[in-house]
Amino acid sequence: MKNSIKNILLVVFVSIISMGVYQYYQNYNEARSFNDFLDNAALVSSLHLEASEEFKNVLDFSEISREQFENKIDKVVSNSKEAYEIINNTDASLTLKEKELLSIATSYWLQGLEMFEVSIITLIDNPNSEKIQESIAQSISDLSIGDRSYSEFLFLIKQNATSEGTFLPVLYEIEYVGLEDNSFKFADLLVEKAKSSTGGLFLRRNLSISGAEFKPTPIAVTEENYLVLLNEKIELQVVLTNEGNVDAYDVVILILVTDEYGETIHEQQSKIDSIGPQESRIFYSDAINIEAGVLHEWFIKLEEVEKEENLNDNLFNIFGFIPPEG
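Per chain, the residues get numbers from 1 upward, laid out in the order the sequence is written. Thresholds applied to this predicted model are a pLDDT of at least 70 for local features of residues and 80 or more for the giving and counting of side-chain atom pairs; totals over whole chains, interfaces and linings are not thresholded and use all residues. Computation of side-chain values covers all heavy atoms of the structure but excludes hydrogens and water.

Caption draft 1: Seen up close, the overall build of the chain. If you tally the helices and strands in the chain, you get 5 helices and 9 strands. When its helices and strands are written in sequence order, the chain yields α-α-α-α-α-β-β-β-β-β-β-β-β-β. Only protein chains enter the calculation, and the probe is 1.4 Å; a residue is then buried if its accessible area is under 20% of its type maximum, exposed if over 50%, and partly exposed in between. Here the chain holds 326 residues, and the buried ones make up 40% of them. For the chain, the proportion of contacts with a sequence separation of at least 24, taken over those separated by at least 6, is 74%. Per the convention used, a helix needs a DSSP run of H or I reaching at least four residues, while a strand needs a run of E reaching at least two, with both numbered from the N terminus. Residues are treated as being in contact if the distance between any of their heavy atoms lies within 4.5 Å.

Caption draft 2: Layout of unusual backbone geometry. Cis geometry marks the peptide bond from Lys-215 to Pro-216, where omega comes out at 0°. Structurally, Pro-216 is set in the loop between strand 1 (207-215) and strand 2 (220-221). Its identity is not glycine, yet Asp-250 carries a phi of approximately 50°, on the positive side. Its location among the elements puts Asp-250 in strand 5 (residues 248-259). With relative accessibility at 47%, the residue Asp-250 sits in the partly exposed group. Unlike most non-glycine residues, Gln-278 shows phi in positive territory, near 60°. Structurally, Gln-278 is set in the loop between strand 6 (264-275) and strand 7 (280-284).

Caption draft 3: Up close: helix 2 (residues 66-88). With 23 residues, helix 2 should reach 33 Å at 1.5 Å per residue; the first-to-last C-alpha distance of 32 Å fits that figure. Along helix 2, the residues classified as buried are Arg-66, Phe-69, Ile-73, Val-76, Val-77, Asn-79, Ser-80, Ala-83, Ile-86 and Ile-87. Expected helix span is given by 1.5 Å per residue-to-residue step, counting one fewer step than there are residues.

Caption draft 4: Spotlight on the sheet that holds strand 1. When DSSP locates at least two bridges between a pair of strands, those strands are taken to pair. Taken in spatial order, the 3 strands make up an open sheet running 1-4-7, and their pairing is antiparallel. Where the open sheet ends on each side, the last strands, each with one partner, are strand 1 and strand 7. Averaged over all pairs of adjacent strands, the angle between their axes in this sheet comes to 20°, without regard to strand direction. As defined by bridge partners, strand 4 (residues 235-242) adjoins strand 7 across 5 bridges and the pair is classed as antiparallel. Axes, fitted as lines to C-alpha atoms, cover a helix only where it is in contact. Angles between the N-to-C directions of the axes lie from 0 to 180 degrees.

Caption draft 5: Up close: the sheet that holds strand 9 (residues 315-321). Spatially, 2-3-9-8-5-6 is the arrangement adopted by the 6 strands of the open sheet, whose pairing is mixed. Each edge of the open sheet is held by one strand with a lone partner, namely strand 2 and strand 6. Of the strand pairs in this sheet, strand 2 and strand 3 (residues 227-228) are connected by 2 bridges, and their pairing is antiparallel. Counted as the bridge partner of Ala-220 is Val-228 from strand 3.

Caption draft 6: Layout of the packing of aromatic side chains. Only Phe, Tyr and Trp rings are paired, with Trp represented by its six-membered ring, and only when their centres lie within 6.5 Å; those with planes under 30 degrees apart are stacked, over 60 edge-to-face, the remainder tilted. Enumeration over the complete set of coordinates arrives at 9 aromatic pairs. Ring plane angle 50° and centroid distance 5.6 Å describe the contact between Tyr-226 and Phe-319, whose orientation is recorded as tilted. You can see Tyr-226 sitting in the loop between strand 2 and strand 3 and its partner Phe-319 sitting in strand 9, a full 93 residues away along the chain. Among the aromatic residues, ring-to-ring pairing joins Phe-37, Phe-55, Trp-109, Phe-116, Tyr-150, Phe-153 and Tyr-176 into one connected group.

Caption draft 7: Inspection of the nonpolar core at higher detail. Joining through side-chain atoms within 4.5 Å is the link that ties buried Ala, Val, Leu, Ile, Met, Phe, Trp, Tyr and Cys residues into a set, and such a set is a nonpolar core. Counting 52 residues, the largest nonpolar core has Phe-55, Phe-61, Phe-69, Phe-116, Tyr-150, Phe-153 and Tyr-176 as its most contacted members. Looking at this core, the elements with two or more residues in it are helix 1 (2-58), helix 2, helix 3 (97-125), helix 4 (132-164) and helix 5 (183-195). If we skip the residues at most four places from it in the chain, Tyr-176 touches His-48, Ala-51, Ser-52, Phe-55, Lys-56, Trp-109, Leu-113, Leu-143 and Asp-147. Judged by nonpolar contacts, the second largest core, of 26 residues, contains Leu-227, Ala-248, Leu-302 and Ile-318.

Caption draft 8: Layout of the side chain of Asn-314. With respect to the secondary-structure elements, Asn-314 resides in the loop between strand 8 (296-302) and strand 9. The class for Asn-314 is buried, based on a relative accessible area of 2%. Among all residues touching Asn-314, those that are not within four sequence positions of it are Leu-207, Ile-209, Ile-300, Lys-301, Leu-302, Glu-303, Glu-304 and Glu-308.

Caption draft 9: Spatial organisation of the pairing of strand 9. Taken together, the 2 bridges between strand 3 and strand 9 define a ladder with parallel strand orientation. Across the sheet, the residue bridging to Val-228 is Phe-321, located in strand 9. Relative to strand 9, strand 8 runs antiparallel, the two being bridged by 6 bridges. By the bridge assignment for strand 9, His-296 is matched with Gly-320.

Caption draft 10: A look at the pattern of salt bridges. By salt bridge we mean one thing: a side-chain nitrogen of Lys or Arg within 4 Å of a carboxyl oxygen of Asp or Glu. Throughout the structure, instances matching the rule amount to 8 salt bridges. Of the charged contacts, one joins Arg-66 and Glu-70 as a salt bridge, the two residues approaching to 2.9 Å between their closest N and O atoms. Taken together, the residues Arg-66 and Glu-70, both in helix 2 and 4 residues apart, mark about one turn of the helix. Among the residues examined, Arg-66 registers a relative accessible area of 17% and is labelled buried. Judged by its relative accessible area of 26%, Glu-70 falls in the partly exposed class. Between Glu-114 and Lys-81 there is a salt bridge, with the nearest N and O atoms lying 3.9 Å from each other. Of this pair, Glu-114 sits in helix 3 while Lys-81 sits in helix 2, placing them 33 residues apart in sequence. We classify Lys-81 as partly exposed; its relative accessible area is 42%.

Quick look at the structure:
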């Protein structure tokens, strides 16, 4: 009988010890998982702080080029993807409201940023794209959901940490667009701002003839703005300028020389390999002889490049004559 009681007490004692060890082990694992989550949350917070600050710079379209825009938004999206992967790979067995909120925030932030990137690049490539505001508005809405979810995460985790005495890592206040009431209005403003950008966000193609002058230098100018030329072979020096922000290749220039009777005296077509953005090139026409005492017109034309904005400055004409002998 005594042995039976001893055995029962021993079993009870061992059970209590086992339960204590199990509870300790369980608490230890939960604490470790939670601390790992906090470390990951700190990384996510740091990545999105950098991304959100860069995103605000992206939204200032006034002096940003397309290349700068793509570099900046790529960095923002890259940070967001990294943060999403960090949370996505966090211990799946950890079921916390805080984790759920942070997971929602990172998902919507990434979704919004990726849609924003695609939408703005579509707008840049096709400024007249229909319904582009809708996708931009959707991206703003997603970012706003992410902002709100993160704000709730921050509030909850700080509140629980205070009550439980948990030591929190640095978790930053983060906001991409804030609580946006009207994403469509926001989208309209962004499109308007982007289109008014002067920093080369949109590709602009525009060639121009900046000027032309005769060689040898004319000896006088008449009241009609006709240039009086020396009785020598006449050459025309033409200044070609790329007023756009895109390289222009295989630029074709046409020169037609006619006399006052409408007869074609000389015709020339040439090709310039390339003219860089905001670059000017000097082109020399063939040197020709013209009849003295007869007014001649040099008509110059640059063939338009694809999607060129302004064709008025692709044309230029200049008049000159050699005084009659005697």
